[in-house]
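# Observations on the model geometry
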Amino acid sequence: MSMKKEASSLSELGFDVNFGAGFFRQVPSSGCDNGEGTQRRPRPTKVSVIGAGEVGMAIAQTILTQGLADEIALVDADAHRVRGEMLDLQHAAAFLPRVRIVAGTDVLALTRGSDLAIVTVPGARQQVTLELLRKKVAVLREIVPAVAEGSPESLLLVVSNPVDVLAYAAWKLSGFPASRVIGSGTNLDSSRLRRLLADHLGVGAQDVQAYMVGEHGGAAVALWSSISVGGMPVLSYLQKTHASSSSCFDGEALEGIRRAVVGGAREVIGLKGYASWAIGYSVASLARSLLRDQRRVHPVSLLAKGFIPGNDHEVFLSLPARLGRGGVLGVAAELELTADEESTLRRSAETLWEHCQALGL
Amino acid sequence: MHKTSSLSDLGFDAADASSGFFRPVADDSTHSSSSAPHRRLTKVSVIGAGNVGMAIAQTILTQNLADEIALVDALPDKLRGEALDLQHATAFLPRVRIVSGTDHAVTASSDLVVVTAGVRQNPGEARLSLLRRNVELFRKIVPPVAEHSPDALLLVVSNPVDVLTYVAWKLSGFPASRVIGSGTNLDSSRFRFLVAEHLDVNAQDVQAYMVGEHGDSSLAIWSTISVAGMSAFKSLRDSHHSFDEAALEGIRRAVVGGAYEVIGLKGYTSWAIGYSVASLAASLLRDQRRVHPVSVLASGSHGISDGHDVFLSLPARLGRSGVLGVAEMDLTEVEAAQLRRSAKTLWENCQLLDL
């Protein structure tokens, strides 16, 4: 495979890099101009994506298309691949607003000065043994402290699975306040649920308020009783209309929907080998709320201590939270959970805590 | 692995749900609101759900250019997986419909059909053989697509794009104004990127065209490089320590080699072509009248014989009805001769295809 490095700038081809100064001339400076012109530029918004695999690149590309960043850094252990990805994005320059794209393997150097660092490594497998979990945390040990050192004010968004445990690990390894560390959690699961219900009811997905919370994966909880559309509670309506049909909206039916939602990623992976587009949009949506200080509510994995009755552990799991430039601005504190929902969340918290304790962080 | 893209897949009757949950306004019965005329939705179909096709589909989706996207591929599982992955994303987007199928019927009533399908080259396979196999593939794709969407715009991306755009035109029976190839649109973007970085301006402010045959023989029309109303050519010349044809050729090769470099590094290209085609889709579907260098029927231009129905890239105005016009560029004799030479080679290839 030929790896001929092409010239990526005209200066590499012998054209004088100082040339530009003549083609465009600066306005004459007046006496009071201390050359501040270039110093006072507002800092560009920088997003770093660590891990340039299918997930990382779908996230990076969606963020780029949506114009959420002025600078994007791609970091990956595979130097060739990440350089190829960078060039592939740069070649689209004529079709996008000007964005600086850098790429390489050095986490600290590349991510320095980030407003948001998105961690998508290590990849693969949602179901993880304790042994594999320790290996994953070992990878984070190589990455997170470097990110924190180079971007001490950054927001940290963990996407890799198992996201709740890894978000906890990233929090511990970064030394950041918990409000600045989140996991993508059940944001995408909730969207899948909203879309299923929205299509069924013939409304736009944005009009369905529905949250899946708790542990991302098979044990995620759908908060059925709080789903509303157009100000109307959906569950009681669906139960009423389907009471006489062969598939009534009983507990079993709800569980069937819940399982279909949490199984969505697995279904995609089984068909195309991996899942990328949906998580790309999900994370870009979180990035927008954070970077643009949107104060939007998203179910994300966060430090849930004190929010689940009976749970006092410092575990991360998903709850609806207001997100803005400062990170997690607030967590839903008045959720009305059924006894079953509460006990499931407590159980998840216990299991997660067992895993977290075994990590030695 | 069960299909779960709707609650009806899970056994819930869709008809019941919306009729009671939301009620229509009271109306006199002479009106049937469901038959009220409404603006037809914009539909884009992408043939080929590989890296290129999916980058195109996803970028079109993100840029909200279509109300419905149809994906077609020969591999049913891969196709279904990609469609599902996009469907899972639709909650983050304005209401859009994603459909897919291995049968081209799913593309019916498209406004724009993008063809990215192509056969894989066998080791050591001769170009003509590869070309003929691609023609056979297009015979399976283009006629049904044209039949299902007789008014669609057809945009060919598969390589060799100039020849395959000709093939698609022949097989579709469409007027040439409705058949274009992605051509040198992306090469021109790479060209503009290099010049823009050098001048420290936004690439969108660099007007620069690569034309002709997409690939190793594409032409950089140096006289067309213009920034802020100034020709950049003289200035490029003045900034090089030993400016000559080789210096210019170096730039051209860096542009043309860009795709190969990406392929060598990550295995394929996807994002850039995705943005390039989405940009064409936006100009076409939104009737933007923007000028893009795309592969169009070039017979009669620059001394290319009227009877030689070759497609190659020239700057063309694109709008809702397709190619609205082709630029009559001021080429030097050398450039025009190179263009004619490419046209001749392309025509020779086309004639070997029995179309």
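What this report covers is the structure whose coordinates are included nearby. The structure presented is a predicted model; accordingly, all values stated were derived computationally and were not measured.

Across its full length, chain B holds 10 helices and 14 strands. Expressed along its principal axes, the backbone C-alpha trace of chain B runs to roughly 75 × 45 × 45 Å. Considering chain B as a whole, with its 355 residues, one finds that 57% of them fall into the buried category. Total accessible area on chain B is roughly 15000 Å²; 50% of this is exposed by carbon and sulfur atoms. Between the mean site of the 32 positive side-chain charges and the mean site of the 38 negative ones, chain B shows a separation of 1 Å.

Another aspect to go through is the overall build of chain A. Helix and strand counts for chain A stand at 13 helices and 14 strands. Its C-alpha atoms give chain A a radius of gyration of 23 Å, near enough to 21 Å, the size a compact globule of 361 residues would have. The buried share of chain A, taken over its 361 residues, is 56%. Of the contacts formed within chain A by residues at least 6 apart in sequence, a portion of 71% connects residues at least 24 apart.

The next point concerns unusual backbone geometry. Residue A:V121 is joined to A:P122 through a cis peptide bond whose omega torsion reads -10 degrees. Relative to the helices and strands, A:P122 resides in the loop between strand 4 (116–119) and helix 6 (130–150). A cis amide bond, omega 0 degrees, links A:N161 with the succeeding residue A:P162. The residue A:P162 is located in the loop between strand 5 (155–158) and helix 7 (163–174) in this model. One non-glycine residue, B:R289, lies in positive phi territory at about 60 degrees. Take B:R289: it is sitting in the loop between helix 9 (271–285) and strand 12 (290–297).

Bringing the interface of chain A and chain B into the picture now. Each side of the interface is counted separately: chain A has 89 residues, and chain B has 88 residues. Where chain A abuts chain B, roughly 7900 Å² becomes buried across the two surfaces, and 66% of that area is made up of carbon and sulfur atoms. At the boundary of chain A and chain B, one finds eight salt bridges. If you look at where chain A meets chain B, you find 34 residue pairs in polar contact (both at pLDDT 80 or more). No other element matches helix 8 (residues 187–201) of chain A, which puts 11 residues into the side of chain A that touches chain B. In terms of residue class, the side of chain A that touches chain B is built from 44 nonpolar, 28 polar and 17 charged.

Across all of its chains, the model carries eight aromatic pairs over all chains by this definition. Measuring from centroid to centroid gives 5.6 Å for A:W171 and A:F316, while their planes differ by 45 degrees, and the two rings are tilted. Here the residue A:W171 occupies a position in helix 7, and A:F316 occupies one in strand 13 (residues 316–324), the gap between them amounting to 145 residues. Assigned by exposure class, A:W171 and A:F316 land together as buried. Aromatic ring contacts, followed pair by pair, group A:Y168, A:W171, A:F316 and A:W353 into a single cluster. Above the plane of the ring of A:W171 lies A:K172, whose end atom (NZ or CZ) is 4.9 Å from the centre. Across from the ring centre of B:F174, 4.3 Å away, lies the NZ or CZ of B:R178, which sits over that ring.

Let us look at the sheet that holds strand 7 (residues 208–209) of chain A. Overall, antiparallel pairing links the three strands, which are arranged 7-10-11 (chain A) in an open sheet. The two strands at the open ends of the sheet, each matched to only one other strand, are strand 7 and strand 11 (232–233) of chain A.

We now examine the side chain of B:T62. Inspection of the secondary structure puts B:T62 in helix 2 (residues 51–62). Of the polar contacts made by the side chain of B:T62, one reaches the backbone oxygen of B:Q58; its length is 2.8 Å. Here B:T62 is in contact with A:T62, A:T65, A:Q66, A:Y281 and B:L93, once residues within four sequence places are set aside.

Glancing now at empty space enclosed by the protein. Under the criterion given, the structure shown has two cavities of 30 Å³ or more. Lining the largest cavity, in full, are A:E6, A:A7, A:S8, A:L87, A:H91, B:R190, B:F193, B:L194, B:A254, B:V255, B:G258 and B:E261. Within the residue set of the lining of the largest cavity, elements represented by two or more residues are helix 6 (185–199) and helix 8 (245–266) of chain B. Element by element, the count of residues in the lining of the largest cavity is highest for helix 8 of chain B, at four residues. When the residues that make up the lining of the largest cavity are grouped by side-chain class, the tally is six nonpolar, three polar and three charged.

A word on the packing of helix 6 of chain B against helix 8 of chain B. Residue and element names in this part refer to chain B. The contact between helix 6 and helix 8 brings their axes to 9 Å, and the two run at 125 degrees. Classed by the angle they form, the pair helix 6 and helix 8 counts as oblique. Viewed along their axes, helix 6 and helix 8 form a crossing whose handedness is right-handed. On the side of helix 6, the interface is formed by D187, R190, F191 and L194, while helix 8 contributes I251, A254, V255, G258 and A259. Residue composition of the contact of helix 6 with helix 8, grouped by class: six nonpolar, one polar and two charged.

Here the focus is the environment of A:V158. Residues and elements named next belong to chain A. Turning to its location among the elements, V158 is positioned in strand 5. Sequence separation between V158 and A69 is 89 residues; the distance between their C-alpha atoms is 18 Å. The contacts of V158, once residues within four sequence positions are left out, are V119, V163, L166, A167, A170, I182, G183 and S184.

A few words on the side chain of B:S313. Residue and element names in this part refer to chain B. Note that S313 resides in strand 13 (residues 311–319). Within the local environment of S313, its side chain forms a polar contact with the backbone nitrogen of T184, the two atoms lying 3.0 Å apart. Within the structure, S313 has its side chain in polar contact with the backbone nitrogen of S295 (distance 3.3 Å). Residue contacts for S313: discarding those within four places in its chain leaves D162, G183, T184, V211, G212, P293, V294 and S295.

Residues and elements named next belong to chain B. Relative to the 27 Å expected for 19 residues at 1.5 Å per residue, helix 10 (residues 333–351) spans 27 Å between its end C-alpha atoms, a close match to the ideal helical length. Among the residues of helix 10, those classed as buried are E335, A336, L339, S342, A343, L346, W347, N349 and C350. Across the axial projection of helix 10, the buried residues extend over an arc of 155 degrees, all falling on one side. Pointing more than 90 degrees away from the buried face of helix 10 are the exposed residues E333, V334, R341, K344 and Q351. Close packing links the buried residues of helix 10 with helix 4 (127–148), helix 5 (161–172), strand 8 (210–211), strand 9 (219–220) and strand 13.

Here we take up the nonpolar core. Grouped together as the largest cluster of nonpolar side chains are 187 residues, with contacts concentrated most on A:I63 and A:L74. In terms of residue count, the dominant contributor to this core is helix 9 of chain B (11 residues). What A:L74 contacts, discounting residues up to four positions off in sequence, is A:V49, A:M57, A:A60, A:V82, A:E85, A:M86, A:L89, A:I101, A:V102, A:A103, A:G104 and A:L110. One finds A:V203, A:V208, A:W224 and B:F21 within the second-largest nonpolar core, a separate group that totals 29 residues.

Glancing now at the pairing of strand 14 (residues 322–326) of chain B. Pairing of strand 13 of chain B with strand 14 of chain B, which is carried by four bridges, proceeds in the antiparallel orientation. When the sheet's bridge partners are listed, B:G319 is paired in strand 14 of chain B with B:G322.

Thresholds applied
Residues numbered from 1 in each chain as written. Chains lettered and ligands numbered in written order. Predicted model: local features only at pLDDT ≥ 70, side-chain atom pairs only at ≥ 80, totals over all residues. Heavy atoms only, no water. Helix = DSSP H or I, 4+ residues; strand = E, 2+ residues; numbered from the N terminus. Buried < 20%, exposed > 50% of the residue type's maximum accessible area, 1.4 Å probe, protein only. Areas by Shrake-Rupley, 256 points an atom, 1.4 Å probe, with all protein chains shown as cover. Lys, Arg positive; Asp, Glu negative; His and termini not counted. Charge placed at Lys NZ, Arg CZ, Asp CG, Glu CD. Rg over C-alpha atoms; globule rule 2.2 N^0.38 Å. Contact = heavy atoms within 4.5 Å. Buried area = accessible area lost by both parts, 1.4 Å probe. Salt bridge = Lys/Arg side-chain N within 4 Å of Asp/Glu carboxyl O. Polar contact = N/O pair within 3.5 Å; in protein donor to acceptor, adjacent residues only side chain to side chain. Nonpolar A, V, L, I, M, F, W, Y, C, P; charged D, E, K, R; others polar. Phe/Tyr/Trp six-rings, centres within 6.5 Å; stacked < 30°, edge-to-face > 60°. Lys NZ or Arg CZ within 6 Å of the ring centre and 35° of its normal. Pairing = 2+ DSSP bridges. 1 Å grid on protein atoms, 1.4 Å probe; cavity = no way out; pocket = protein on both sides within 12 Å on 5 of 7 lines; lining within 4 Å. Points joined across faces, edges and corners; volume = space filled by probe spheres on them. Axes fitted to C-alpha atoms, helices over the stretch in contact; angles between N-to-C directions. Parallel < 35°, antiparallel > 145°, perpendicular 65-115°, else oblique. Left-handed = near helix turned anticlockwise from the far one by under 90°. Expected span 1.5 Å × (residues − 1). Arc of directions from axis to C-beta. Core = buried A, V, L, I, M, F, W, Y, C linked by side-chain atoms within 4.5 Å.

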